[in-house]
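# Structural overview
Here's the letter readout for the chains.
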Amino acid sequence: MVEWSDSERKTVASVWGKINVGEIGPQTLARVLIVYPWTQRYFGTFGDLSNAAAIQGNPKVSAHGKTVLNALDKAVKNMDNIKATYAQLSQLHCEKLNVDPGNFKLLANCLTIIMATAFGPAFTPEVQATWQKLLSVVVSALTSQYF
Amino acid sequence: MLSNTEKELIVQIWDKMIPVAEDIGSEALLRMFTTFPKTKTYFSHLDISPNSDHLRCHGKKIVQALADGARNISTLATTLAPLSRFHAYLLRIHPTNFKLLNHCILVTLACHMGDNFTPVAHAAIDKFLSAFSAVLAEKFR
């Protein structure tokens, strides 16, 4: 069971409240595809991913980025039950999408870095630590149904 | 593999960090200690509280070494040979920790550079930090 202090809960709610999923979602997925190009293997039907500009302008990447980040809302609203909350998504990623779970951490890291660019000094070491704790629980939950 | 454009970008970015080496270095370390507390086990001999002299001094050394590496990317193994021996035979840091510091360096750069920390800059620096850490870990066994 993951323990969350009151201060951590407040931080998560406050940070999530400031995130514009419509902007951050697309940026996050684009950054993953640019910084870790092997992740493009999962997006063969997305069209032009040949360079950074193409990826950033790709409407399918944008749309999917929003889908992925919207799914994080589940974690924020169910902090005490993240593993069960993501059980189905975990099965989906394993059995249908066949995604190597090593890539989940890459997405988590890119999201953290984008939040740092957006929040600047307000993204203090303490805020970073709390946010990364949440993301590591999500990553773990998404990996939990893999066999 | 770093393209020539990426190598230039890396030098540009690290040159800007040299005047603020203490700030950037100490912040990256503090982020690492806060998010990954196990990394503090290597620093029991120093005062690593926020803004301490030790933290700022150590942070500065790290940023200066990175800037040095940035200016000598094609000869990283030779340039970093003394640091490589130091990390292998004296410090003996568990190799997984390099990634943790690298990530916190990226977060620090992102906080300071904002939108200028573009995906292309991020990719270039990430690749550089991986190459740098690989050289530091080269002599581990």
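Everything in this summary refers to the structure shown in the same document. Predicted, not measured: the structure shown is a model, and the values here were computed from it. (Residues numbered from 1 in each chain as written. Chains lettered and ligands numbered in written order. Predicted model: local features only at pLDDT ≥ 70, side-chain atom pairs only at ≥ 80, totals over all residues. Heavy atoms only, no water.)

Turning our attention to the interface of chain B and chain A. Residue-level contacts link 19 residues of chain B with 20 residues of chain A. Considering only the side of chain B, the residues that lose the most area to chain A are His103, Pro119 and His122 of chain B, jointly responsible for 31% of the buried surface there. In this structure, the connection of chain B to chain A is made through zero salt bridges. Applying the counting criterion to the chain B and chain A interface returns six residue pairs in polar contact (both at pLDDT 80 or more). Counting residues per element, the ones that place at least two in the side of chain B that touches chain A are helix 2 (21-35), helix 6 (96-113) and helix 7 (119-137) of chain B. (Contact = heavy atoms within 4.5 Å. Buried area = accessible area lost by both parts, 1.4 Å probe. Salt bridge = Lys/Arg side-chain N within 4 Å of Asp/Glu carboxyl O. Polar contact = N/O pair within 3.5 Å; in protein donor to acceptor, adjacent residues only side chain to side chain. Helix = DSSP H or I, 4+ residues; strand = E, 2+ residues; numbered from the N terminus.)

Residues and elements named next belong to chain A. By the definition in use, this model includes eight aromatic pairs over all chains. With a centroid separation of 6.4 Å and 15° between ring planes, the pair formed by Trp16 and Trp131 is classed as stacked. Here Trp16, found in helix 1 (residues 6-18), pairs with Trp131, found in helix 8 (residues 125-143); they are 115 residues apart in sequence, far enough to count as distant. You can call Trp131 buried: its relative accessible area is 1%. (Phe/Tyr/Trp six-rings, centres within 6.5 Å; stacked < 30°, edge-to-face > 60°. Buried < 20%, exposed > 50% of the residue type's maximum accessible area, 1.4 Å probe, protein only.)

Let's shift gears to empty space enclosed by the protein. All names here are of chain B. Evaluation of the coordinates by the stated rule reveals one cavity of 30 Å³ or more. Estimates place the volume of the largest cavity at around 40 Å³. As for the largest cavity, its lining consists of Trp14, Ile24, Gly25, Ala28, Leu29, Ile62, Val63, Leu66, Leu101 and Ile105. Mapped by element, the contributors of at least two residues to the lining of the largest cavity are helix 2, helix 3 (53-71) and helix 6. No other element matches the four residues that helix 2 contributes to the lining of the largest cavity. Its residues assigned to classes, the lining of the largest cavity shows nine nonpolar, one polar and no charged. (1 Å grid on protein atoms, 1.4 Å probe; cavity = no way out; pocket = protein on both sides within 12 Å on 5 of 7 lines; lining within 4 Å. Points joined across faces, edges and corners; volume = space filled by probe spheres on them. Nonpolar A, V, L, I, M, F, W, Y, C, P; charged D, E, K, R; others polar.)

Attention now goes to the environment of Lys18 of chain A. Residues and elements named next belong to chain A. Mapped onto the elements, Lys18 comes out in helix 1. The class for Lys18 is exposed, based on a relative accessible area of 57%. Along the backbone, Lys18 and Phe119 are 101 residues apart, and their C-alpha atoms lie at a distance of 9.3 Å. Separated by 3.2 Å, the side chains of Lys18 and Ser14 make a polar contact.

Moving on, we get to the pattern of salt bridges. Counted under the stated rule, the structure contains nine salt bridges over all chains. Taking the shortest distance from any N to any O, the salt bridge between Asp73 of chain A and Lys77 of chain A comes out at 2.7 Å. With Asp73 of chain A and Lys77 of chain A both in helix 4 (residues 59-77), this residue pair falls four residues apart, about one helical turn. Accessibility expressed as a relative area gives 57% for Lys77 of chain A, which makes it exposed. A salt bridge links Glu6 of chain B to Lys127 of chain B; the nearest nitrogen and oxygen atoms lie 3.0 Å apart. In this pair, Glu6 of chain B is assigned in helix 1 (residues 4-17) and Lys127 of chain B in helix 7, connecting sequence segments 121 residues apart. Classification of Glu6 of chain B as buried rests on a relative accessible area of 12%. Judged by relative accessible area, Lys127 of chain B falls into the partly exposed class, the value being 32%. Salt bridges here are not isolated pairs; linked through shared partners, they connect Asp15, Asp68 and Arg71 of chain B.

Okay, helix 1 of chain B next. Residues and elements named next belong to chain B. Spanning 14 residues, helix 1 covers 20 Å between terminal C-alpha atoms, matching the ideal 20 Å at 1.5 Å per step. Of all the positions in helix 1, only Glu6, Ile10, Ile13, Trp14 and Met17 are classed as buried. One face of helix 1 carries all of its buried residues, which in axial projection span an arc of 95°. Facing away from the buried side of helix 1 by more than 90 degrees, the exposed set consists of Asn4, Thr5, Glu8 and Lys16. Check the buried side of helix 1 and you find it contacts helix 2, helix 3, helix 6 and helix 7. (Expected span 1.5 Å × (residues − 1). Arc of directions from axis to C-beta.)

This part covers the side chain of Ser52 of chain B. All names here are of chain B. With respect to the secondary-structure elements, Ser52 resides in the loop between helix 2 and helix 3. Its relative accessible area of 7% is what places Ser52 among the buried residues. Of note is the side chain of Ser52, whose polar atom sits 2.5 Å from the backbone oxygen of Asp47.

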